[in-house]
Amino acid sequence: MAVDWLNPYHLQVASFVLINTLLGVSIYVTLATGQLSLGNAGFMSIGAYTTAILTTRHGFPMPAGIVAGSVVAALAGIAVGIPSLRLTGVYLAIATLGFGEVVRVVFVNWESLTGGAVGIAAIPQMGRELLASLRDAGFAPESIGLRGNQFISLSVFLILFASTLCAIGFFFRLGSSRVGRAYAAVRMDERAAEAAGIDTTYYKVLAFTQGAMLSGFAGALFAHATSYISPADFTYHRAVEILVFAVFGGSEHLLGPVFGAMLLTALPELLRSVSDYRYIVYGILLIAMMVFRPQGLIDPPLVNRLAGKKAAGGGSRDAA
Amino acid sequence: MLLDMRNVTMSFGGVTALRDVSFSVREGEILGLIGPNGAGKTTLFHVLTSMVSGASGDIVFRGERIEGLSTHRIIRRGVGRTFQNIRLFPRMTARENVMVGRHTRSRAGVWQSVLRTRAQRAEEDRIREKTDELLALVGLAGKEGSVASALPYGYQRRLEIARALACEPKLLLLDEPVAGMNESETREIHHLIRKVRDLGVTVILIEHDMSLVMQVCDRLVVLNFGEKIAEGTPEEIQNDPGVIVAYLGREEEGDDA
């Protein structure tokens, strides 16, 4: 009894939705302290290349490669985050966007290490690896009614789903804690945060690093989901795409960019029937958002309403 | 002495905002810092909390020099402050504002927060308890869930005081806490300031209104054009010829005004 409805293509789209969700969370984490970083595509590529190189050339097991990719991205985050403390707003955005481009150009030109513009192929694919090791242990996916390629796509999806849930849970809990309050305080008024005894420098660098690390993690998962990466995956378009998740979904609540990433990644696929016009629809949607709901689809009052909590004295929030 | 300021000078470009200011604050007193507009009162608070850099002179707080330390370190050592133009976290509730103020008196880091360890949960409970206590103290019981920016002006001032008290300061710096308030609100705030002092917190109070300051403060320091021109009890200050000149001007200059 084959499960025919389980379409590997749909699962692949769903996997990209999840990777983009992780990227959406990563821009939110940095924004939580009021820092707009457009360097997350760069950090993503650092994570992806690190694990690709370690697993294809140095025989690292995949989980070790993913951890290494995240850590290297985090270290790059510290290195970029500290000098960036002097910058705010649009200047920070420009500097981090520049950082992403620099990383990409390095990857294009450092051919001996990165394969240049061609990129790195034959990266171990997590679904295939899992299937291979399960077959060695005597398990056949056919025994649960799945074809090999269905099993591969499904396991990729499930691994990404678990990773995304963990990341969302992590930052959700962080948000409602001492650290999350410090982030919010820094975002709303840095000087008042200092006066409340918060080491604003520490928390800004911490948030920046967490965002970089999560991007690197998403990049590493991306490498092992597609098994092929090239600098073209991490261009300026990717950086803007991540920004749009936050702009569209809303940057005031963790669920905003999560929702934005999900919708905006799935939408072009759903609109495939009108293929040539789908980016027009996408564009109109964004303009409409700017006009009618500049804070993004999801903001804290909406979440509170949906959660059934009535915020006493609500109705007056800053249109930030 | 709780606080000793010795020869503190602060210049912005060519303007000297504070010139060689020295005074001491005794434990448990309410010290009024008064003077005409632009006398350097707020600058003195900024210097005390390292919110401006470039000051010279010594500042000794509880026996240790604090000048040049970063702001959050000074706050951690026991200084709380409010701002002349209220700086709350606007989109947080009243409770959250005060909870942020507990930052230096709690310690949960990233992992404890994410894993919700027992220590972290106990700490959050204590923060909440202390926060509600403080909100009640300043008269905001029942307003815990209100968004700060939606609170009436007078409540915002009280909330800011509660947030400053949340770090359990030894010294509280209040920058014109009654600015823009009517007479009865002003009386309530002054009552609150005395209550805070009775809890063992020393207070430095910047205030414009001389008659009110006379009622609350134990001692006064008068600044004019960045210099200390007088120091003493309210009675002494009231009769100080220099102070009268600073506030009212000389008779000969009266024609210009």
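Everything that follows concerns the structure shown earlier in this document.
The shown structure was predicted, so the numbers you read here are calculated from the model rather than taken from an experiment.

1. A few points about empty space enclosed by the protein
Right, so step 1: In total, this model carries two cavities of 30 Å³ or more according to the counting rule given.
Right, so step 2: Put simply, the largest cavity is a space of about 60 Å³.
Right, so step 3: Looking at the largest cavity, the residues that line it are A:Ala195, A:Ala196, B:Gly80, B:Arg81, B:Gly101, B:Arg163, B:Ala164 and B:Cys167.
Right, so step 4: Breaking the lining of the largest cavity down by element, the ones donating at least two residues are strand E6 (79-81) and helix H6 (153-165) of chain B.
Right, so step 5: Residues of the lining of the largest cavity, tallied by class, amount to four nonpolar, two polar and two charged.
Right, so step 6: Of the volumes computed, that of the second largest cavity is approximately 40 Å³.
Right, so step 7: Taken together, A:Leu38, A:Ala41, A:Gly42, A:Leu97, A:Gly100, A:Glu101, A:Phe234, A:Thr235, A:Tyr236 and A:Ala239 make up the full set of residues lining the second largest cavity.

2. Here we look at the packing of helix H7 (residues 148-175) of chain A against helix H10 (residues 200-226) of chain A
All names here are of chain A.
Right, so step 1: Running from amino to carboxyl end, H7 crosses H10 at an angle of 175 degrees, the nearest separation of the two axes being 11 Å. The orientation of H7 relative to H10 falls into the category roughly antiparallel. Residues Val 156, Leu 160, Ser 163, Ala 167, Phe 170, Phe 171 and Leu 174 of H7 lie in contact with H10, whose contacting residues are Gln 210, Leu 214, Phe 217, Leu 221 and Ala 225.
Right, so step 2: Residues belonging to the contact of H7 with H10 are distributed by class as follows: ten nonpolar, two polar and no charged.

3. Considering the interface of chain B and chain A
Right, so step 1: Across the boundary between the two partners, chain B contributes 37 residues, which contact 32 residues of chain A.
Right, so step 2: Both sides of the chain B and chain A interface together cover about 3200 Å² of buried area, and 58% of this is carbon and sulfur.
Right, so step 3: Interface area lost by chain B to chain A is led by B:His72, B:Arg91 and B:His103, which between them contribute 24%.
Right, so step 4: The tally of links between chain B and chain A comes to three salt bridges.
Right, so step 5: Among the ionic pairs, A:Arg181 bridges to B:Glu124, the shortest N-O distance being 3.0 Å.
Right, so step 6: Residue assignment for the side of chain B that touches chain A shows that the elements contributing at least two residues are helix H2 (71-76), helix H3 (94-101), helix H4 (110-115) and helix H5 (118-137) of chain B.

4. A short note on the side chain of B:His46
Right, so step 1: Mapped onto the elements of the fold, B:His46 is located in helix H1 (residues 41-48).
Right, so step 2: Apart from residues no more than four positions distant in its own chain, B:His46 is found in contact with A:Arg191, B:Met51, B:Val52 and B:Arg81.

5. A word on the sheet that holds strand E1 (residues 3-12) of chain B
Residue and element names in this part refer to chain B.
Right, so step 1: Across the sheet, which stays open at both edges, the four strands sit in the order E2-E1-E4-E5 with antiparallel pairing between neighbours. In the strand order of this sheet, the two ends are held by strand E2 (15-25) and strand E5 (64-65), each with one partner.
Right, so step 2: For strand E4 (residues 56-61) and E5, the ladder comprises two bridges, and the chain directions are antiparallel. Residue pairing in the sheet places Val 60 in a bridge with Arg 65 of E5.

6. Looking at the packing of H3(B) against H6(B)
All names here are of chain B.
Right, so step 1: Running from N to C, H3 and H6 point in directions that differ by 30 degrees, and their axes come no closer than 7 Å. Regarding the angle of H3 to H6, the classification is roughly parallel. Note on packing geometry: the crossing formed by H3 with H6 is right-handed. Only Leu 159, Ala 162 and Arg 163 of H6 make contact with H3, whose side of the interface consists of Ala 94, Asn 97, Val 98 and Gly 101.
Right, so step 2: Tallied by class, residues from the contact of H3 with H6 come to four nonpolar, two polar and one charged.

7. Description of the pairing of strand E8 (residues 202-206) of chain B
Remember that side chains alternate between the two faces of the sheet whenever the strand is regular.
Residues and elements named next belong to chain B.
Right, so step 1: The element E8 is extensively covered by neighbouring structure, given that five of its five residues are classed as buried.
Right, so step 2: On E8, burial covers both faces: Thr 202, Ile 204 and Ile 206 on one face and Val 203 and Leu 205 on the other are all buried.
Right, so step 3: In the sheet, strand E3 (residues 30-34) pairs with E8 via four bridges, with the strands oriented parallel. Residue pairing for E8: Leu 31 is matched across the bridge by Ile 204.
Right, so step 4: Handedness of the crossover is the feature at issue here: the chain leaves strand E7 (residues 171-175), passes through helix H7 (residues 183-198), returns alongside E8, and the resulting connection is right-handed.

8. Focus: the nonpolar core
The tendency in soluble globular proteins is for nonpolar side chains to be buried as a group.
Residue and element names in this part refer to chain A.
Right, so step 1: Membership of the largest hydrophobic core comes to 76 residues, with the highest contact counts inside it found for Phe 43 and Ile 229.
Right, so step 2: The element that contributes the greatest number of residues to this core is H10, accounting for twelve residues.
Right, so step 3: When residues no more than four places from it in sequence are discounted, the contact partners of Phe 43 are Ala 73, Ala 76, Gly 77, Val 80, Phe 99, Phe 208, Ala 212, Ser 215 and Gly 216.

9. A few points about the environment of B:Glu188
Right, so step 1: Here B:Glu188 shows up in helix H7.
Right, so step 2: Take B:Glu188: its relative accessible area is 42%, and that puts it in the partly exposed class.

10. Brief notes about the pattern of salt bridges
Residues and elements named next belong to chain B.
Right, so step 1: All told, the structure shown has 25 salt bridges over all chains when counted by the stated rule.
Right, so step 2: Put simply, Glu 227 and Arg 19 hold a salt bridge, and the shortest N to O gap is 3.7 Å. Here Glu 227 is found in strand E10 (residues 227-232), whereas its partner Arg 19 is found in strand E2, with 208 residues between them in sequence.
Right, so step 3: The partly exposed category is assigned to Glu 227, whose relative accessible area is 37%.
Right, so step 4: Measuring nitrogen to oxygen at the nearest pair gives 2.8 Å for the salt bridge that ties Glu 168 to Arg 102. Taken together, the positions of Glu 168 in the loop between H6 and E7 and Arg 102 in the loop between H3 and H4 put the pair 66 residues apart, joining distant regions of the chain.
Right, so step 5: By relative accessible area, which is 36% here, Glu 168 ends up partly exposed.
Right, so step 6: According to the relative accessible area criterion, Arg 102 is buried, its value standing at 9%.

Reading the values: rules and limits
- Residues numbered from 1 in each chain as written.
- Chains lettered and ligands numbered in written order.
- Predicted model: local features only at pLDDT ≥ 70, side-chain atom pairs only at ≥ 80, totals over all residues.
- Heavy atoms only, no water.
- 1 Å grid on protein atoms, 1.4 Å probe; cavity = no way out; pocket = protein on both sides within 12 Å on 5 of 7 lines; lining within 4 Å.
- Points joined across faces, edges and corners; volume = space filled by probe spheres on them.
- Helix = DSSP H or I, 4+ residues; strand = E, 2+ residues; numbered from the N terminus.
- Nonpolar A, V, L, I, M, F, W, Y, C, P; charged D, E, K, R; others polar.
- Axes fitted to C-alpha atoms, helices over the stretch in contact; angles between N-to-C directions.
- Parallel < 35°, antiparallel > 145°, perpendicular 65-115°, else oblique.
- Contact = heavy atoms within 4.5 Å.
- Buried area = accessible area lost by both parts, 1.4 Å probe.
- Salt bridge = Lys/Arg side-chain N within 4 Å of Asp/Glu carboxyl O.
- Pairing = 2+ DSSP bridges.
- Left-handed = near helix turned anticlockwise from the far one by under 90°.
- Buried < 20%, exposed > 50% of the residue type's maximum accessible area, 1.4 Å probe, protein only.
- Right-handed = clockwise from strand over helix to strand, strands pointing away.
- Core = buried A, V, L, I, M, F, W, Y, C linked by side-chain atoms within 4.5 Å.

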